[in-house]
Amino acid sequence: MATLEADIEAGARRDLVGLSRAELGAALAGLDLPAFRTKQVWHWIYCRGATEFDAMTTLAKPLRRRLAEHFTISRPAVSKAQTAGDRTRKWLVAFPDGSEAETVFIPEDDRGALCVSSQVGCTLNCSFCHTGTQPWVRNLTAGEIVGQVMLARDALGEWPAAEGGQGLLSDIVLMGVGEPLYNYDNVVKAMNIVMDMEGIAISRRRITLSTAGVVPRIADAGRDLGVRLAISLHAVTDALRDVLVPLNRRYPIAQLLAACRDYPGGRNARRITFEYVMLRGVNDSEADARALVRLVRGIPAKMNLIPFNPWPGAPFECSTPRAIERFAAIVNRAGYASPVRTPRGRDILAACGQLKSASLRVPARARAG
Ligand code: SAH
């Protein structure tokens, strides 16, 4: 049998993070281990947060050693960790191929949401989004997506996941860099790992997938995940949405809203969130607010009004507080909750649409020096 040292040298060990339960079972069966070992190892990785086999004290030492010879339990590296004045935390996460993505934790008093990235860069080029100015794109693997959740739990000291009650990391929003429905298979795999109740155990009701509107995938996500859905709507006419969210040219508003109407579980508890970025003089008139209300009629919905977060060179400005207030009042009077999203972590460029891997602006070498 290969020695641990030789395997490490050959880079031959396989990372277990990101394997589905079935894949983990197959990997362990490859070492002739019985099925119950899968449950044990899964528990150590996803419930206890073990990063070394030696920590798995319910396994005999020779078995731990054997597992370590063949497998690793990795975490993405953190190349930069920041905490904002409002306690929002942002991690610049570095993957082995040198690419980077960002993960943001937004704490509330007794809970908090982790904003997870699904791609490195984004192909959508929404004109108000900083990420769209980042050139380079690849899909994150399931392990890299789950890895973001695991490193946040590491940093928050939340292993094992709080039993019974929720820990501080109670919710996940797929609202980081990338379009989750353009990395469909890996997102589904990652969220199924996250939702496994014998592991990270965050339920589908506490996961929100935000999409710019990849219409054919919306029904798939309802079927395969059943998580909450958020739609980056941002405009009430196709003419404007074509400009703000170019994906609209492919899947115009009527098609998008039809997919929302068909999304499963559209009861009150499972309302669809419509995100609407407030751009001064562009989409923030009272007529726009009334048109928005007419558009979503019949869909159990809530509106999330997002004050535009500026970034260097952005061709937009944030709506005035007064315009936002008026807009919200109209939406509210029509019976929709319309919370204005308080910008979080703006001072560390962690707010919506501000994420962009620093490594692509400043070469890594320059930063290190
Ligand atoms: N691609 C997915 C996931 C990104 S979610 C989607 O489009 O939904 C990030 C949210 O922040 C989206 O609603 C996006 O439109 C919004 N956003 C992007 N840039 C922003 C900015 N500068 N200010 C405020 N919100 C922004």
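See the structure above.
The following refers to the structure shown. (Residues numbered from 1 in each chain as written. Predicted model: local features only at pLDDT ≥ 70, side-chain atom pairs only at ≥ 80, totals over all residues. Heavy atoms only, no water.)

### Examining the packing of aromatic side chains
Here's step 1: Evaluated as defined, the whole model comprises three aromatic pairs.
Here's step 2: Considering the side-chain rings of Trp 42 and Tyr 46, the 4.5 Å spacing of their centres and the 50 degrees angle between planes classify their relative orientation as tilted. Of this pair, Trp 42 and Tyr 46 both sit in helix H3 (residues 36–47), separated by four residues, roughly a single helical turn.
Here's step 3: With relative accessibility at 1%, the residue Tyr 46 sits in the buried group.
Here's step 4: Measuring from ring centre to ring centre gives 6.3 Å for Phe 308 and Phe 316, while their planes differ by 75 degrees; the resulting arrangement is edge-to-face. Each member of the pair Phe 308 and Phe 316 is classed as buried.
Here's step 5: One cation-aromatic arrangement involves Arg 153 over Trp 159; the distance from NZ or CZ to the ring centre is 5.8 Å.
Here's step 6: Above the face of the Tyr 184 ring, Arg 217 is positioned so that its terminal group lies 4.2 Å from the ring centre. (Phe/Tyr/Trp six-rings, centres within 6.5 Å; stacked < 30°, edge-to-face > 60°. Helix = DSSP H or I, 4+ residues; strand = E, 2+ residues; numbered from the N terminus. Buried < 20%, exposed > 50% of the residue type's maximum accessible area, 1.4 Å probe, protein only. Lys NZ or Arg CZ within 6 Å of the ring centre and 35° of its normal.)

### Things to note about the pattern of salt bridges
Here's step 1: Overall, the coordinates contain 18 salt bridges when judged by the stated rule.
Here's step 2: When the shortest N-O distance is used, the salt bridge between Asp 196 and Arg 21 registers 2.8 Å. Residue Asp 196 is found in the loop between helix H6 (184–195) and strand S10 (207–211), and its partner Arg 21 is found in helix H2 (residues 21–29); the two are separated by 175 residues along the sequence.
Here's step 3: For Arg 21, a relative accessible area of 28% translates into the label partly exposed.
Here's step 4: Where Arg 206 meets Asp 171, a salt bridge forms, and the shortest distance between an N and an O atom there is 2.9 Å. Highlighted residues: Arg 206 in the loop between H6 and S10 and Asp 171 in strand S9 (residues 171–174), separated in sequence by 35 residues.
Here's step 5: By relative accessible area, Arg 206 is classed as partly exposed at 26%.
Here's step 6: Assessed through its relative accessible area of 12%, Asp 171 is described here as buried.
Here's step 7: Each member of the salt-bridge network shares a partner with another, and the members are Arg 21, Lys 39, Asp 196 and Glu 198. (Salt bridge = Lys/Arg side-chain N within 4 Å of Asp/Glu carboxyl O.)

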